[in-house]
Amino acid sequence: MADECLFDFLHMEIVSHMYTEQQSSKGEMDNKDRAVCVSVLESMGFRVGQGIIERLTRDSPSFKDELDVMKFVCKDFWTKVFRRQVDNLRTNHQGTYVLQDNKFSFLTQLSSGKQYLDQAPKYLAFSCGVVRGALSNLGMDSVVTAEVSVMPSCKFQVVVQKL
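Criteria and thresholds
- Residues numbered from 1 in each chain as written.
- Predicted model: local features only at pLDDT ≥ 70, side-chain atom pairs only at ≥ 80, totals over all residues.
- Heavy atoms only, no water.
- UniProt positions renumbered as here; feature names shortened; annotations may be inferred.
- Helix = DSSP H or I, 4+ residues; strand = E, 2+ residues; numbered from the N terminus.
- Rg over C-alpha atoms; globule rule 2.2 N^0.38 Å.
- Buried < 20%, exposed > 50% of the residue type's maximum accessible area, 1.4 Å probe, protein only.
- Contact = heavy atoms within 4.5 Å.
- Areas by Shrake-Rupley, 256 points an atom, 1.4 Å probe, with all protein chains shown as cover.
- Lys, Arg positive; Asp, Glu negative; His and termini not counted.
- Charge placed at Lys NZ, Arg CZ, Asp CG, Glu CD.
- Core = buried A, V, L, I, M, F, W, Y, C linked by side-chain atoms within 4.5 Å.
- Pairing = 2+ DSSP bridges.
- Axes fitted to C-alpha atoms, helices over the stretch in contact; angles between N-to-C directions.
- Bend = angle between axes of the 7 residues up to and from the residue.
- Phe/Tyr/Trp six-rings, centres within 6.5 Å; stacked < 30°, edge-to-face > 60°.

The name an unreviewed UniProt entry gives the protein chain is Trafficking protein particle complex subunit 6B, with Pogonophryne albipinna as the organism. UniProt, in the comment section headed Sequence similarities (unreviewed entry), describes the protein chain in these words: "Belongs to the TRAPP small subunits family. BET3 subfamily." What the UniProt record of the protein chain gives under Function (unreviewed entry) is the line "Component of a transport protein particle (TRAPP) complex that may function in specific stages of inter-organelle traffic. Specifically involved in the early development of neural circuitry, likely by controlling the frequency and amplitude of intracellular calcium transients implicated in the regulation of neuron differentiation and survival."

Written as C-alpha cells, this is what we have:
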C-alpha cells in the first residue's frame, strides 16, 4: 500500500514542480507555457515507458500483430504501471484504439466531482508519454491523447502511425 501511494505522490509533485517552475520564471502562465509543461512531462513519461516495457518483454516471445501488442499493454503493462487492468479496449481495426480506465490511479487522488476537471489534463501528460514510449519500444509509432469527462474515469486514444 505504501509503495502505491509513493508513486502517486511522486507523480503529483513532479507535475506541481513543473508548473511552479514555469510559472515562477514568468509570473503568469499562458497557453504556450502550459504546452511546454505538458511536452516536458510527456517526454519524461516516454522515457519511463521505454524502460518499463524493456524489462517486461525481456523474456516474452514477439507479438503476432498490433492487436496483440495492445492487449499486452492493456493487461500486463497497465497492471505493472497503474496497478490494475484497463477496463475497456476498443478499436476500429484501422489503427485507432481507445483504452478506458474507470478508476485511473493518477486521478483518484483528485476530487471525483467536476471541481478539478480542468486540472486533469496536466496529470495525464506523463501517462500518455508512458504509453507512447512503451508502444514505441514495441515497434509502434503512435500518438496518445487522453480525455476526462467524469473523474476519475479516463479514456486514452492511441492512433498508430502507419509508415
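Next comes the rest of the write-up.
### Description of the overall build of the protein chain
Scanning the protein chain from terminus to terminus reveals five helices and four strands. Secondary structure elements of the protein chain occur, N-terminal to C-terminal, as α-α-α-β-β-α-α-β-β. Over its C-alpha atoms the protein chain spans a radius of gyration of 16 Å, differing by no more than 12% from the 15 Å that the globule rule assigns to 163 residues. Principal axes of the C-alpha set define a box for the protein chain whose edges measure 50 × 35 × 30 Å. Within the span of the protein chain, comprising 163 residues, buried residues form 39% of the whole. Residue pairs in contact within the protein chain that sit at least 24 positions apart in sequence constitute 58% of those at least 6 positions apart. Carbon and sulfur atoms make up 50% of the accessible area of the protein chain, which totals about 9,400 Å². Of note, the protein chain has its 19 positive side-chain charges centred 4 Å away from the centre of its 20 negative side-chain charges.

### A short note on the environment of Thr96
Its place among the elements puts Thr96 in strand β2 (residues 96-101). Each C-alpha atom, one on Thr96 and one on Phe156, is 11 Å from the other, the two residues being 60 residues apart in sequence. Aside from chain neighbours lying at most four places away, what touches Thr96 is Arg90, Thr91, Gln157, Val158 and Val159.

### Quick look at the nonpolar core
With 43 residues, the main nonpolar core has Trp78, Leu99, Phe104, Leu107, Leu135, Phe156 and Val158 as its most contacted residues. Of all the elements in the fold, those that place two or more residues in this core are α1 (2-26), α2 (31-56), α3 (66-82), β2, α4 (105-108), α5 (125-137) and β4 (154-160). Counting residues per element, this core draws most heavily on α3, which supplies nine residues.

### A closer look at the sheet that holds β2
Taken together, four strands build an open sheet; the order of strands is β1-β2-β4-β3 and the sheet is antiparallel. At either margin of the open sheet sits one strand with a lone partner, and together these are β1 (88-91) and β3 (142-147). Adjacent strand axes in the sheet meet at a mean angle of 15° when their direction is disregarded. Relative to β2, β1 is paired through four bridges, and the arrangement is antiparallel. By the bridge assignment, Leu89 is partnered in β2 with Leu99. Where α3 meets the sheet, it contacts β1, β2 and β4, and its direction lies at approximately 15° from that of β2. The strands touched by α5 within the sheet are β3 and β4, with β3 carrying the most contacts at an inclination of about 155°.

### Some thoughts on α3
Roughly 35° is the biggest bend found in α3, and it falls at Val73. Within α3 the residues assigned to the buried category are Val69, Met70, Phe72, Val73, Cys74, Phe77, Trp78, Val81 and Phe82. Directly after α3, the chain includes Arg83, whose backbone phi takes a positive value near 65°.

### A short note on the packing of aromatic side chains
The tally for this structure, following the rule as stated, stands at eight aromatic pairs. Consider the rings of Trp78 and Phe156, whose centres lie 5.3 Å apart with planes at 75°: the pair is edge-to-face. Placement of the pair is Trp78 in helix α3 and Phe156 in strand β4, with a sequence separation of 78 residues. Assigned by exposure class, Trp78 and Phe156 land together as buried. Plain terms: the ring middles of Phe82 and Phe104 are 5.0 Å apart, the flat faces sit at 55° to each other, and that makes the pair tilted.

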